[in-house]
Amino acid sequence: MPTETHQLSTPHLLGIKDLNEQDIQLIFETADTFKDVLNRPIKKVPSLRDLTIANIFFENSTRTRLSFELAEKRLSADVVNFAASSSSVSKGETLVDTVNNILAMKVDMVVMRHPYAGAGIFLSKHVKAQIVNAGDGAHEHPTQALLDAFSIRERYGDVAGKRIAIIGDILHSRVALSNILCLQKLGAEVRVCGPATLIPKHIASLGVKTESNLIKALEWCDVANMLRIQLERQDINYFPSLREYAMLYGLNKSILDALPKQITIMHPGPINRGVEITSDVADSQHSIILNQVENGVAIRMAVLYLLAGKR
Ligand code: CP
């Protein structure tokens, strides 16, 4: 178990914007220890055996929900899971009422995914529990950014000085914003690449340059983080067709092989194979996509453990 005496500067994890560099390094060092635990035959420690955590998901999830649940169980916390689709939310119950009823059952911490940006911030002001944002609309996905940066650190030894290209649907992506904030705090340089209609107008104010040409973005970067087109968040057509998008911004093996140097390929999942990335790239030796998923458990263990230390 980690023995550090340092603490996070925040009682909740609502977004990367609330973390400073020391917080992120503390999470990484704690995750290093938990990754060692996860590689042992007995992958469990008693650190949070006095805690009950509710995972409340108002949006679909595979990786984040299972990763949080495994992290909680590896830390010996008691866990309850709530899926909005099978709950009394459909009968008109508000978010605050729903969460206060869950908290009345002596729950200590809430991990929440919600389709509305700012839902976690709102909840943290209206209920008496620690809140962990597991993705809020197109706003932030802090644990995804932490596990992404942790995976880059694992690959290269350090994040500082690395060049990261985030490619795809930046406009609708909570992963993009959290990654930009996290990587910059750690001293990396970030550029975005995609169709002009899928790049937010304010991106330059974040200190991020835009590259409209995929090949140039790939030639510049050390790491390409390929994002999915989020059709479920698109109310209008932002490009003519998925086929045209794949021709202009899809990454395939012949593009990768023609680059002057080896780069690392990342993807937060879920992948749309054949659209933003082909199978021969996703499954290649350049890809660390499943390392990202593996690291997600250690990062979430670290976040929950450190937040519990703030109680
Ligand atoms: N990366 C990610 O958030 O995946 P899920 O939607 O499956 O949780």
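See the structure printed just above.
Small disclaimer: the values here were computed from a predicted structure and weren't measured.

**Q** What am I meant to see in the sheet that holds strand 1 (residues 52-57) here?
**A** Through backbone hydrogen bonds, the strands of a sheet pair up, either in parallel or in antiparallel fashion. Read from one edge to the other, the open sheet built from four strands follows the order 2-1-3-4, with strand pairing classed as parallel. Edge strands, defined here as strands with exactly one partner in the open sheet, are strand 2 (78-83) and strand 4 (130-136). For this sheet the average axis-to-axis angle between neighbouring strands, irrespective of direction, equals 15 degrees. When strand 1 meets strand 2, the two strands line up parallel, connected through six bridges. Bridging from a neighbouring strand, Thr-52 pairs with Asp-78 of strand 2. Helix 2 (residues 63-74) rests against strand 1, strand 2, strand 3 (109-114) and strand 4 of the sheet, and its axis sits at about 175 degrees to strand 1. Lying over the sheet, helix 4 (residues 119-126) contacts strand 3 and strand 4, oriented at roughly 145 degrees with respect to strand 3.

**Q** Which parts of the structure should I look at to understand the sheet that holds strand 6 (residues 189-193)?
**A** Spatially, the five strands line up as an open sheet ordered 7-6-5-8-9, and their pairing is parallel. If you trace the sheet from one side to the other, it starts and ends with strand 7 (209-211) and strand 9 (264-266), each paired once. Across this sheet, the average inter-strand angle for adjacent strands is 25 degrees, counted without regard to direction.

**Q** Looking at this structure, I do not really get the pairing of strand 4. What am I missing?
**A** In the case of a regular strand, side chains alternate between the two sheet surfaces. Across the seven residues of strand 4, seven count as buried, placing the element largely inside the fold. As paired elements, strand 3 and strand 4 share five bridges and run parallel to each other. The residue of strand 4 that forms the bridge with Val-110 is Ile-131. You can see the chain leave strand 3, run along helix 4 and come back into strand 4, and the turn it takes is right-handed.

**Q** When you look at the side chain of Glu-59 in this model, what are you seeing that I'm missing?
**A** Following the sequence through the fold, Glu-59 ends up in the loop between strand 1 and helix 2. Within the local environment of Glu-59, its side chain forms a polar contact with the side chain of Arg-174, the two groups lying 3.0 Å apart. Setting aside residues no more than four positions away along its own chain, Glu-59 makes contact with Arg-113, His-114, Pro-115, Arg-174 and Arg-233.

Procedures and definitions
Residues numbered from 1 in each chain as written. Predicted model: local features only at pLDDT ≥ 70, side-chain atom pairs only at ≥ 80, totals over all residues. Heavy atoms only, no water. Pairing = 2+ DSSP bridges. Helix = DSSP H or I, 4+ residues; strand = E, 2+ residues; numbered from the N terminus. Axes fitted to C-alpha atoms, helices over the stretch in contact; angles between N-to-C directions. Contact = heavy atoms within 4.5 Å. Buried < 20%, exposed > 50% of the residue type's maximum accessible area, 1.4 Å probe, protein only. Right-handed = clockwise from strand over helix to strand, strands pointing away. Polar contact = N/O pair within 3.5 Å; in protein donor to acceptor, adjacent residues only side chain to side chain.

Just distances and angles here, no functional claims.
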